[in-house]
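Observations on chain architecture
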Amino acid sequence: MKYKGRFGDYGGFYVPEVLIPALEELEEAFYRFHEDEGFVAELAQLFRDYAGRPSPLYHAKRFSEHVGFKVYLKREDLLHGGAHKVNNTLGQGLLARHMGKTRLIAETGAGQHGLATAMIGALFGMQTKIFMGVTDVERQSVNVHKMRLCGAEVIGVEGGTGTLKDAINDALRYWTAHVGDTFYLFGTAGGPHPYPVIVKHFQSCIGTEARRQCLDQIGRLPDMVVACVGGGSNAIGIFSGFMDDRDVRLVGVEAGGEGLSTGRHAATLVAGQVGILHGAKVYLLQDEHGQVCDTESISAGLDYPGVGPEHCWLKDTGRAEYAAADDEDVLDAFELLTRTEGILPALESSHALAYICSLKGKLGPEQVVVVNLSGRGDKDVSIVESHRPVQQ
Amino acid sequence: MKTYSEVFSGLRSQKRAAMIPFFVIGDPDFDVSLAVVETAIDAGADVLELGIPFSDPIADGPTIQRADIRAMNAGMNVGRALEFIRKVKAYRDIPIGLLMYYNLVSRYGASRFFSDFHQAGVNSVLVADLSIDDADEIVAPAASAGLDTVFMVTPNTAADRIGLIASRTTGFIYTVSVLGVTGSRESLSDAVEGLVGRLKQLTDVPVCVGFGISKPEHAAAVAEAGADGVIIGSKIVSLIENNLNDEEKMLADISTFLTEVKAAIGNAAHPRG
Ligand SMILES: Cc1ncc(COP(=O)(O)O)c(C=O)c1O
């Protein structure tokens, strides 16, 4: 490997020997193509014409009135596929094609990354297999159906709690046996090097656009940028645009599940300890013996005991702050945005909104907060309905 | 304490490869697991490869994943694994290679992990998800604890990496014969012979072959290819799994199978001395 893939001491590539050649090949290809003129032009065109970039920055005035400061939404929910995930799958998919790979595999939790991979599999005519925990297959069945319609094979993973961690385990195992012709399209800014670098690169369009839009539309930078954190791809994407703007506070919001005190949550950065999972040294929810914990969250996309390495480093250096939002507060925030703006946010993104709601009374009316609305909530309607039946 | 070099040089002079069964410590529970390991020793195991169960074994197929779950459900953890090793060593002084995932080592503290397991009687530690690139994190603490190092070579490992791996290995090279995770396979990979041959040209460090070896004739073929040891994992673990309600038959099946493997290895025309 050319680079160590470290953020401070975090990250690295802790994988079995058999996967090293595949990671080396991926690293080499990424650095060969990511600034190549042809590659960049092709990706820019796909971003615009296929995905719908740039995504708008929207001043949510009625929502803002409710919380008492200015809230702007970065509308990744309006992209094709309904989430930021398409930025990454277009980028990696194009890379796979340039590498001559004919098959894609991916893991998925909420099904958004699986769907975004299935779309690109169809677009590029590549055979696609999606690994998804059986619990998630059940709670995100609409996305499962969409993936199958795109021609992808969805493989239900039984291990563990049948969630994202187990899907990654099986995708890695499958990759081990098929490293030659198969491209593993990893869905978040985590896992072994070079994935955290690659995923951040392709998601950084969110932050680049948002910064420019702030200057154009508001005439200044925001006071705060907030994003939900599962593995951390939408958060690192938007944070990257503001990293050098030291006065802009960066806040990542994790899944507080049933509450941190219950132990039933997925708040890795807030409550975890350093360990090694899925190829990287990161904060990890684990027991005293080093076994990885089961997690709990209303949102499948955040239901993961690890996190991307750069976020671990941003936490330790203090450049970013991390908080957790409980399921109940998330549902409140989901309802509030829906009622005040007519926008259904994904339950993942609703974590960022729940944090915004907790700031009510703490920020002045002229202060500006940008929230990354990472995805839309259509996939979550039945989950919300089961917790909060609509009264007519 | 018996060392790898004693065992492997002894076997080289007999022109025979080592039989190395693999078990998950504590599968299906502490006591039965100990009886299983003792049975394997009695059936002629030359070295033992023992795994500490982990919640997320990404290098393992379904058979060993299920063994990990059985062992963890029965309460196995790093501390109890130490106690298990001590009991095995009290039964017989046989070299033991430990195989586990890095988070278990890191959580316990690498230096303390290596010295505690060395004191319990372990000869080497192989960390499944730590490649030669990060060997510095374990080589020094392992050496100062008195442990040998074991690293993996796979069919897709480049020649310059093989050289590096050989230079940092003091125990044996764990040669993975297939691209893929652990699990029984119907036929032996045809990459084995070439891979063992290549390694033998590059290094004098003992070369043991594992992953997918599930029949006495596979073991014989690996020995004939010139390997110093034959590691058999999933197949034996499946003999535990298939007999969870009948301990007597479990032990008998394992004994019969390993006796056949031992005979097949003994009859193989081992090309080296
Ligand atoms: C809409 C949405 N937001 C956020 C996430 C969490 O992923 P990440 O932290 O990588 O952005 C997901 C994951 O499935 C998602 O679907």
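Just so we're clear, the structure is a prediction, and the values are computed from it rather than from any experiment.

This part is about the overall build of chain B. Per the secondary structure count, chain B includes 12 helices and 9 strands. Against the globule reference of 19 Å for 273 residues, chain B gives a C-alpha radius of gyration of 17 Å, in line with a compact fold. Across its three principal directions, the C-alpha atoms of chain B cover 45 × 40 × 35 Å. Taking all 273 residues of chain B together, the buried fraction comes to 63%. Considering only contacts in chain B between residues 6 or more positions apart, those separated by 24 or more positions represent 75%. On chain B, roughly 9500 Å² of surface is accessible, and the fraction owed to carbon and sulfur atoms is 48%. In chain B, 23 positive and 34 negative side-chain charges are present, and the distance between their average locations comes to 3 Å.

Residues and elements named next belong to chain A. Structurally, Glu25 can be placed in helix H1 (residues 20-33). Residue class for Glu25 comes out partly exposed when judged on its relative accessible area of 33%. C-alpha of Glu25 to C-alpha of Gly114: the two residues are 89 residues apart in sequence and 23 Å apart in space. What Glu25 contacts, discounting residues up to four positions off in sequence, is Met99 and Lys101.

Taken together, the 34 residues of chain B in the interface contact 32 residues of chain A. Seen at the junction of chain B and chain A, the total is 5 salt bridges. A salt bridge links Arg161 of chain B to Glu24 of chain A; the shortest N-O distance between them is 4.0 Å. Scanning the region where chain B abuts chain A turns up 18 residue pairs in polar contact (both at pLDDT 80 or more). For the side of chain B that touches chain A, the secondary-structure elements that each account for two or more residues are helix H3 (62-73), helix H5 (102-108) and helix H8 (159-168) of chain B. Of all the elements, H5 of chain B adds the most residues to the side of chain B that touches chain A, at 5 residues. Looking at the side of chain B that touches chain A residue by residue, the classes come out as 16 nonpolar, 10 polar and 8 charged.

Residue and element names in this part refer to chain A. For the ligand, the set of nearby residues contains 18 residues, the closest of which are Thr188, Gly230, Gly232, Ser233 and Ser374. In this structure, an oxygen atom belonging to the ligand sits 2.7 Å away from a main-chain N or O atom of Gly232. Expressed as a share of its isolated accessible area of 390 Å², the protein-covered part of the ligand is 97%. Residue classes in the shell around the ligand are distributed as 5 nonpolar, 11 polar and 2 charged.

Turning next to the pairing of strand E7 (residues 173-176) of chain B. Residue and element names in this part refer to chain B. Across the two faces of E7 the burial is the same, with Ile173 and Thr175 and Tyr174 and Val176 all buried. Two elements, strand E6 (residues 151-153) and E7, share 3 bridges in a ladder whose sense is parallel. Across the sheet, residue Val153 finds its bridge partner in E7, namely Thr175. Of the crossover connections in this fold, the one passing from E6 over H8 to the parallel E7 is right-handed. Where E7 lies against strand E8 (residues 207-210), 4 bridges are found, and the strand directions are parallel. Among the inter-strand pairings, Thr175 is bridged to a residue of E8, identified as Val209. Between the parallel elements E7 and E8, the chain passes through helix H9 (residues 191-202) in a crossover that is right-handed.

This part covers unusual backbone geometry. Residue Pro54 of chain A is reached from Arg53 of chain A by a cis peptide bond, and omega for that bond is -5°. Relative to the helices and strands, Pro54 of chain A is located in the loop between helix H2 (37-51) and strand E3 (57-59). The step from Asp27 of chain B to Pro28 of chain B runs through a cis peptide bond, and the omega angle for that step is 0°. One non-glycine residue, His278 of chain A, lies in the positive phi region at around 50°. Along the chain, the position of His278 of chain A falls in the loop between strand E11 (273-277) and strand E12 (279-284). Within the chain, Lys15 of chain B stands out as a residue other than glycine whose phi angle is a positive 55°.

What follows concerns the sheet that holds E12 of chain A. Within a sheet, each strand pairs with its neighbour through backbone hydrogen bonds, oriented either parallel or antiparallel. Residue and element names in this part refer to chain A. With antiparallel pairing, 4 strands are arranged side by side in an open sheet as E1-E2-E12-E11. Both outer strands of the open sheet, strand E1 (6-7) and E11, are each paired with one neighbouring strand and no more. Alignment of strand E2 (residues 10-14) against E12, held across 2 bridges, turns out to be antiparallel. Bridge pairing in E12 places Tyr14 opposite Gly279.

What counts and what doesn't
- Residues numbered from 1 in each chain as written.
- Chains lettered and ligands numbered in written order.
- Predicted model: local features only at pLDDT ≥ 70, side-chain atom pairs only at ≥ 80, totals over all residues.
- Heavy atoms only, no water.
- Helix = DSSP H or I, 4+ residues; strand = E, 2+ residues; numbered from the N terminus.
- Rg over C-alpha atoms; globule rule 2.2 N^0.38 Å.
- Buried < 20%, exposed > 50% of the residue type's maximum accessible area, 1.4 Å probe, protein only.
- Contact = heavy atoms within 4.5 Å.
- Areas by Shrake-Rupley, 256 points an atom, 1.4 Å probe, with all protein chains shown as cover.
- Lys, Arg positive; Asp, Glu negative; His and termini not counted.
- Charge placed at Lys NZ, Arg CZ, Asp CG, Glu CD.
- Salt bridge = Lys/Arg side-chain N within 4 Å of Asp/Glu carboxyl O.
- Polar contact = N/O pair within 3.5 Å; in protein donor to acceptor, adjacent residues only side chain to side chain.
- Nonpolar A, V, L, I, M, F, W, Y, C, P; charged D, E, K, R; others polar.
- Near = heavy atom within 4 Å.
- Pairing = 2+ DSSP bridges.
- Right-handed = clockwise from strand over helix to strand, strands pointing away.

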